[in-house]
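Here's the letter readout for the chains.
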Amino acid sequence: MVEFTVFKGSKEGKIVESKTTKELKANEVLIKVTHSGLCGTDEHYKHEDMGLGHEGAGVIEEIGSSVTTYRKGDSVGWGYQHDACGHCKQCLTGHETLCPERKMYGYADHDQGSFAHYAIWKADFIFKIPDSIPREYAAPLNCGGATVFNVLHSFSARSTHRVGIIGFGGLGHLAIQFAHKMGCQVVVFSGTDSKKDEAMKLGADEFVATKGAKELQVSGPIDHLLITTSFQPDWKLFLPIMAPGGTLYPLTVSPDDFKIPYMPIIAGELKIQGSLVAARQVHREMFEFAAHHQIRPIIQKFPMTVEGIEESMKTLDEGKMRYRGVLVV
Ligand SMILES: [Zn+2]
Ligand SMILES: [Zn+2]
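Residues numbered from 1 in each chain as written. Chains lettered and ligands numbered in written order. Predicted model: local features only at pLDDT ≥ 70, side-chain atom pairs only at ≥ 80, totals over all residues. Heavy atoms only, no water.

K.L.:
Help me understand the packing of aromatic side chains in this model?
P.N.:
Geometrically, a pair of aromatic rings is defined through the distance of the ring centres and the angle of the planes. The tally for this structure, following the rule as stated, stands at 11 aromatic pairs. Taken together, a centroid distance of 5.8 Å and an interplanar angle of 50° make the contact between W78 and W121 tilted. Residue W78 is found in strand β5 (residues 75-78), and its partner W121 is found in strand β8 (residues 118-122); the two are separated by 43 residues along the sequence. Judged on exposure class, the residue W78 and its partner W121 are both buried. (Phe/Tyr/Trp six-rings, centres within 6.5 Å; stacked < 30°, edge-to-face > 60°. Helix = DSSP H or I, 4+ residues; strand = E, 2+ residues; numbered from the N terminus. Buried < 20%, exposed > 50% of the residue type's maximum accessible area, 1.4 Å probe, protein only.)

K.L.:
Help me understand the pairing of strand β17 (residues 324-328), please; the structure alone is not making it clear to me.
P.N.:
For a regular strand, side chains alternate in direction, first toward one face of the sheet and then toward the other. Most of β17 is tucked away, with four of its five residues classed as buried. As defined by bridge partners, strand β16 (residues 299-303) adjoins β17 across five bridges and the pair is classed as parallel. Following the sheet pairing, I299 is matched in β17 by R324. As a crossover connection, the stretch from β16 through helix α9 (residues 306-317) into β17 is right-handed. (Pairing = 2+ DSSP bridges. Right-handed = clockwise from strand over helix to strand, strands pointing away.)

K.L.:
Can you help me understand the coordination of the zinc ion (ligand 1) in this one?
P.N.:
Note on metal sites: the ideal angle is 109.5 degrees for four tetrahedral donors, and 90 or 180 degrees for six octahedral donors. C39 (SG), H54 (NE2) and C143 (SG) make up the full set of protein donors to the zinc ion (ligand 1), lying at 2.1 to 2.2 Å. For the zinc ion (ligand 1), the donor residues sit on a single chain with the sequence spacing C-x14-H-x88-C. Of this pair, H54 sits in the loop between α1 (40-44) and β4 (56-63) while C143 sits in helix α3 (residues 135-154), placing them 89 residues apart in sequence. As far as burial versus exposure is concerned, H54 and C143 are alike and both buried. (Donors = N, O, S within 2.8 Å, 3.2 Å for Na, K, Ca; no water.)

K.L.:
Would you explain the environment of Q281 in this entry?
P.N.:
Tracing the sequence through the fold places Q281 in helix α8 (residues 280-292). As a C-alpha pair, Q281 and G94 span 187 residues in sequence and 7.4 Å in three-dimensional space.

K.L.:
Would you mind going over the side chain of S36 with me for this structure?
P.N.:
Inspection of the secondary structure puts S36 in strand β3 (residues 28-38). Within the structure, S36 has its side chain in polar contact with the side chain of S114 (distance 2.7 Å). Other than its neighbours up to four places away in sequence, S36 contacts G53, E55, S114, F115, A139, M304, G325, V326 and L327. (Polar contact = N/O pair within 3.5 Å; in protein donor to acceptor, adjacent residues only side chain to side chain. Contact = heavy atoms within 4.5 Å.)

K.L.:
Would you take a moment to explain the coordination of the zinc ion (ligand 2) for this structure?
P.N.:
Within the first shell, the zinc ion (ligand 2) binds the protein through C85 (SG), C88 (SG), C91 (SG) and C99 (SG), at distances of 2.3 to 2.4 Å. Coordination at the zinc ion (ligand 2) comes from four donor atoms whose angles at the metal span 106 to 115°, giving a geometry best classed as tetrahedral. (Tetrahedral: all angles 85-135°; square planar, octahedral: opposite > 155°, others 65-115°.)

K.L.:
Hey, could you run me through the environment of R162 in this one?
P.N.:
Residue position: R162 is located in strand β10 (residues 162-166). C-alpha separation for the pair R162 and V187, spaced 25 residues apart in sequence, amounts to 7.3 Å. Setting aside anything within four residues of it in sequence, one finds R162 in contact with Q185, V187, E206, V218, S219, G220, P221, I222, D223 and H224. Within polar-contact distance, the side chain of R162 engages the side chain of E206 at 3.1 Å. A distance of 2.9 Å separates the side chain of R162 from the backbone oxygen of G220, its partner in a polar contact.

K.L.:
What is the right way to read a nonpolar patch on the surface from this model?
P.N.:
On the surface, a cluster of nonpolar side chains totalling about 380 Å² of accessible area is made up of Y262, M263 and I266. Take M263: it is sitting in helix α7 (residues 263-267). (Patch = residues over 30% accessible without salt bridge, like charges linked within 9 Å, V, L, I, M, F, W, Y side chains within 5 Å. Areas by Shrake-Rupley, 256 points an atom, 1.4 Å probe, with all protein chains shown as cover. Salt bridge = Lys/Arg side-chain N within 4 Å of Asp/Glu carboxyl O.)

K.L.:
What should I look at first to understand the sheet that holds strand β11 (residues 185-190) in this one?
P.N.:
Neighbouring strands of a sheet are bound in pairs by backbone hydrogen bonds; such pairs are parallel or else antiparallel. Strand order in this open sheet of six strands is β12-β11-β10-β13-β14-β15, and the pairing throughout is parallel. Bordering the open sheet on either side are β12 (206-209) and β15 (271-272), each of which pairs with just one other strand. Where strand β13 (residues 222-227) lies against strand β14 (residues 242-250), five bridges are found, and the strand directions are parallel. The residue bridging I222 from the neighbouring strand is M242, located in β14.

K.L.:
For this particular structure, what's the right way to read α9?
P.N.:
In an α-helix, one turn spans 3.6 residues; hence positions three or four apart end up facing the same way. Taking 1.5 Å of rise per residue, 12 residues should cover 16 Å, and α9 covers 16 Å from first to last C-alpha, within 8% of that figure. Listed in full, the buried residues belonging to α9 are V306, G308, I309, S312, M313 and T315. The inward-facing, buried residues of α9 contact β1 (2-8), β2 (16-22), β3, α1, β16 and β17. (Expected span 1.5 Å × (residues − 1).)

K.L.:
Looking at this structure, how should I read the domain arrangement of the protein?
P.N.:
It is common to report an interface's size as the accessible area lost on association of the parts. Its domain assignment divides the protein into domain 1 (2-144 + 277-328) and domain 2 (156-272). The distance between the C-alpha centroids of domain 1 and domain 2 comes to 28 Å. With 15 residues of domain 1 at the contact, the number on the domain 2 side is 14 residues. Buried area between domain 1 and domain 2, summed over both chains or domains, comes out near 1,300 Å², and the portion from carbon and sulfur atoms is 72%. Ranking the residues of domain 1 by area buried against domain 2 places F289, I295 and Y323 at the top, with a combined share of 43%. Here domain 1 is connected to domain 2 by zero salt bridges. The tally of links between domain 1 and domain 2 comes to four residue pairs in polar contact (both at pLDDT 80 or more). For the side of domain 1 that touches domain 2, the elements supplying multiple residues, two or more each, are α3 and α8. Residues of the side of domain 1 that touches domain 2, tallied by class, amount to nine nonpolar, three polar and three charged. (Domains from an automatic or database assignment. Buried area = accessible area lost by both parts, 1.4 Å probe. Nonpolar A, V, L, I, M, F, W, Y, C, P; charged D, E, K, R; others polar.)

What follows is the structure, given as structure tokens:
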């Protein structure tokens, strides 16, 4: 049995330091956490009595008796999904994120998360971090990076396509880099011009300030539009700049209904594509791609303590994070 520190949410929304005791099973690994990214989704669960965090990075300290794919000392990470049945249609076709028995952050394994000193996970659901990516940068790739890479990769963005990204934050600043390195033309939509220089440096080709705009001026229509803001955009502004047959990807979690003008969807044969997190093979390819193209999140570090977590959540909540928070043990 191993006992370790985890940081949980609570009814009052305060972060609570707690202990978890777990047994290391044959197909699992014990990971000493070194870093965790902070994702918007963590905010949604801070009122739950559960281990927070799902952008984990650390070093394997012990392996279960049947684990052959990892060794002690390996640099590894994990993300949103912890397990799946392994034998359903989705699992057998590389879509285990849609397995009816999937185990996901927020829905299963409430006794641990990546805001912790250790974690025990099934070896089949962790990822080797490429040697060239330091763990403080790898951590946010495990949800934020995988989420935006999955959209571009799994729904066929091509180098000839124009990719629009609404919002320049944790997801948006990674989406710019991935889309740019895939060879796409990248158009960033943000409230004001304040982040323009940074967006262009990361690979944006165009930057459009949307605040107060009656219509949007872009140099050509958008084939893939990623919505990374925490609120739904004004669709009346964005639908006219979509390419016929283009696709909209709502990425951030919202409790509200999806409301969108009806006729433009039909008239332009637009698609609305849901996208969850990356399946494991896509996640691996994301890491390889990020390593090869030196894609790095821009991070702001906080200590992995009750105060550090609360401070990081406050920074994110106030819209001041530049651009992904990382907790450091
Ligand atoms: Zn996340
Ligand atoms: Zn399954």
